[in-house]
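# Report on the structure
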Amino acid sequence: MRWFENNTDKVVDLLLSHVWLSVVPIVLGFVIAVPIGWYANRHPRVRGVLLTMAGVLYTVPSLALFLILPSIIGTGFLDPLNVVVALTMYAVAIMARSASDAFGSVSPGVLDAATAAGFAPAGRAFQVELPLAGPVLVAGLRVVAVSTVSLVSVGALTGVNNLGSLFTEGYRTDNDAEILVGVIGIVALALVFDGLIVLAGRLLLPWSRSSRSTTRSPVSPIMSFAQHLRGGRV
Amino acid sequence: MSVVNDTVDWFADSSHWSGDDGVPHRLVQHLGYTSLTVLIAAAIAIPIGLWIGHTGRLRGLAVVSSGALRALPTLGVLTYASLFTGIGIKAAIFTLVLLAIPPLLAGAYAGLESVDRQTIDAARAVGMTEWQILTKVEVPLALPLIIGGVRSATLQVVATATVAAYVPGPGGLGRYLIDGLALSDYPRVVAGSVVVIVLALALDGMFVLLQRLALRNRPAAVRTTA
């Protein structure tokens, strides 16, 4: 790891761009997908169409999406915006399904009770549905975070600097230590994001700690993935 | 939108449809890598997934290790492995197999876990051996989810095989993207991306049909126990 000691500044710079390139799509994806999921959950026909579109979008390979976006949105081929837009699209695709499932998990009886207690529709959505959908939303966000952090590295192939640049440079200069630093950095960053989301979930949704699988260590992303498979079979 | 016109021209050029760098040859290569990889990964992951799902043993280990595998950046594993295997497709195949394992494993054990316990108990009660329970009850009922795992693995491999062209050696459709970028030949890059996307969507559509077939043909056991 002498290479790391001599190149700490460079790694930190790349780490910071990696953080930006991941945080923007994760946050934007969440903010865009939650209302879509909420709407889809109330309109079964819209839900089918939206989830099919999300599934199709998620099928598009990342490198191909990075490179086809310039022709559609008019950016340059090496513009970091391509990576941000593409990863936001993937984040919306994953998160819209999770959000729809999350709002679907709220008991209709509770919603009726909220209406009876005098909540206006908007108040009910924000003060009752959103918090109750929280645990499932958190589980979905964790999947989005881990996959986004890992996908950013593919952007290095299109000249967008991030920890993935250590792979391309390390390969060119025959430096396995450099590649290893990149791999460890990306996995560590994914774990940190995952931990932060779990922590935020516990602080914002204190009641969900006792509930089932949603807030358990790094185990639940794969469980959500299994649910994703199950949901995606029709 | 000159890039779009140039891309259309690229497709219209007959020299791009023949020879070693032609679309048909690259497409066949890409499908070849994909099927070879998914077959190897399935031979490893599906038996293990079925064993875990059937016995319930080592489940935690499988969940954690496949979760960790999913967090690994593909390009990093590919370049790292390439430094040790040298030029050639060995590193690419190794990386692709590694990436195809988690979804296959998850599909197999999540599929078996989704089978109603009462159905399995009933099968045991009528005297079926464990092997019969696995092959005649659990696998047929879990088939749509197992195919779902193969579907995710295949799409993952199609995408990653494109990235794998970064390392000299592997052919496949990724060559158009990587070589086109290196030469600033953007029509080639966009045309290659279009072919990759069409291939992925076509394969996904095929798996949707397979899953529907599996769902329609599965035994009615679920209904009789409910």
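Residues numbered from 1 in each chain as written. Chains lettered and ligands numbered in written order. Predicted model: local features only at pLDDT ≥ 70, side-chain atom pairs only at ≥ 80, totals over all residues.

### What to know about the UniProt feature "domain: ABC transmembrane type-1" (unreviewed entry) in chain A
This chain's UniProt record puts "domain: ABC transmembrane type-1" (unreviewed entry) on residues 15-205 of chain A. Secondary structure content for residues 15-205 of chain A is 83% helix and 0% strand, and the end C-alpha separation is 30 Å. (UniProt positions renumbered as here; feature names shortened; annotations may be inferred. Helix = DSSP H or I, 4+ residues; strand = E, 2+ residues; numbered from the N terminus.)

### Some words on the interface of chain B and chain A
The interface of chain B with chain A comprises 46 residues on the first partner and 41 residues on the second. When contributions to the side of chain B that touches chain A are tallied by element, the ones reaching two or more residues are α1 (2-12), α3 (59-71), α4 (74-85), α5 (90-113), α7 (130-163), α8 (174-182) and α9 (186-216) of chain B. Taken together, the residues of the side of chain B that touches chain A sort by class into 31 nonpolar, 13 polar and two charged. (Contact = placed C-beta atoms within 7 Å. Nonpolar A, V, L, I, M, F, W, Y, C, P; charged D, E, K, R; others polar.)

### Structural notes on the UniProt feature "domain: ABC transmembrane type-1" (unreviewed entry) in chain B
Per the UniProt record, the feature "domain: ABC transmembrane type-1" (unreviewed entry) sits at residues 27-207 of chain B. The span residues 27-207 of chain B is 84% helix and 0% strand, and its two end C-alpha atoms sit 18 Å from each other.

### As for unusual backbone geometry
Comment: phi is negative for the bulk of residues other than glycine, and the bulk of peptide bonds are trans. Here D174 of chain A, not a glycine, exhibits a phi torsion of approximately 55°, which is positive. The phi torsion at S184 of chain B lies on the positive side, around 55°, for a residue other than glycine.

### Examining helix α2 (residues 8-42) of chain A
With 35 residues, α2 of chain A should cover 51 Å at 1.5 Å per step; its first-to-last C-alpha distance of 51 Å lies within 8% of that length. The sharpest bend along α2 of chain A comes to roughly 25°, located at A33 of chain A, with the proline P35 of chain A sitting one to four residues further on. (Expected span 1.5 Å × (residues − 1). Bend = angle between axes of the 7 residues up to and from the residue.)

### Overview of the environment of A99 of chain A
Residue and element names in this part refer to chain A. Here A99 is to be found in helix α5 (residues 80-104). Here the alpha-carbon distance between A99 and G123, two residues 24 residues apart in the chain, equals 18 Å. Ignoring anything within four residues of it in the chain, the contact list for A99 reads A33, V34, I36, G37, W38, L137 and G140.

### Some remarks on the UniProt feature "transmembrane region" (unreviewed entry) in chain B
All names here are of chain B. UniProt's feature table lists "transmembrane region" (unreviewed entry) at residues 31-53, 60-81, 87-112, 141-169 and 189-210, given in the numbering used throughout. Spanning residues 31-53, this segment combines 100% helix with 0% strand, and its end C-alpha atoms are found 30 Å apart. Secondary structure content for residues 87-112 is 88% helix and 0% strand, and the end C-alpha separation is 40 Å.

### Comments concerning the packing of α5 of chain A against helix α7 (residues 121-152) of chain A
In a pair of packed helices, the angle between the axes and the distance between the axes together describe the arrangement. Residues and elements named next belong to chain A. Put simply, α5 and α7 touch, their axes get as near as 8 Å, and they point 150° apart. Between α5 and α7, the angle is such that the two are roughly antiparallel. Taken as a pair, α5 and α7 cross one another with a handedness that is right-handed. Mapping the contact onto sequence places V83, L87, Y90, A91, I94, M95, S98, A99, D101, A102 and F103 in α5 and E129, A133, V136, L137, A139, G140, L141, V143, V144, T148, L151 and V152 in α7. Residue classes in the contact of α5 with α7 are distributed as 18 nonpolar, three polar and two charged. (Axes fitted to C-alpha atoms, helices over the stretch in contact; angles between N-to-C directions. Parallel < 35°, antiparallel > 145°, perpendicular 65-115°, else oblique. Left-handed = near helix turned anticlockwise from the far one by under 90°.)

### Structural notes on the packing of helix α6 (residues 108-116) of chain A against α7 of chain A
Residue and element names in this part refer to chain A. In contact at an axis separation of 11 Å, α6 and α7 are set at 155° when each is read in the N-to-C sense. One finds that α6 runs roughly antiparallel with respect to α7. As for the relative orientation of α6 and α7, their crossing is right-handed in sense. The segment α6 lies against α7, with V110, L111, A114 and T115 engaging R124, V128, E129 and L132. Within the contact of α6 with α7, the residues separate by chemical class into five nonpolar, one polar and two charged.

### Section: the UniProt feature "transmembrane region" (unreviewed entry) in chain A
All names here are of chain A. In this numbering, the UniProt entry assigns the feature "transmembrane region" (unreviewed entry) to residues 20-41, 48-69, 81-99 and 179-205. The distance from the first to the last C-alpha atom of residues 48-69 is 26 Å, and the span holds 91% helix and 0% strand. Secondary structure over residues 179-205 splits into 96% helix and 0% strand, and the C-alpha atoms at its two ends are 39 Å apart.

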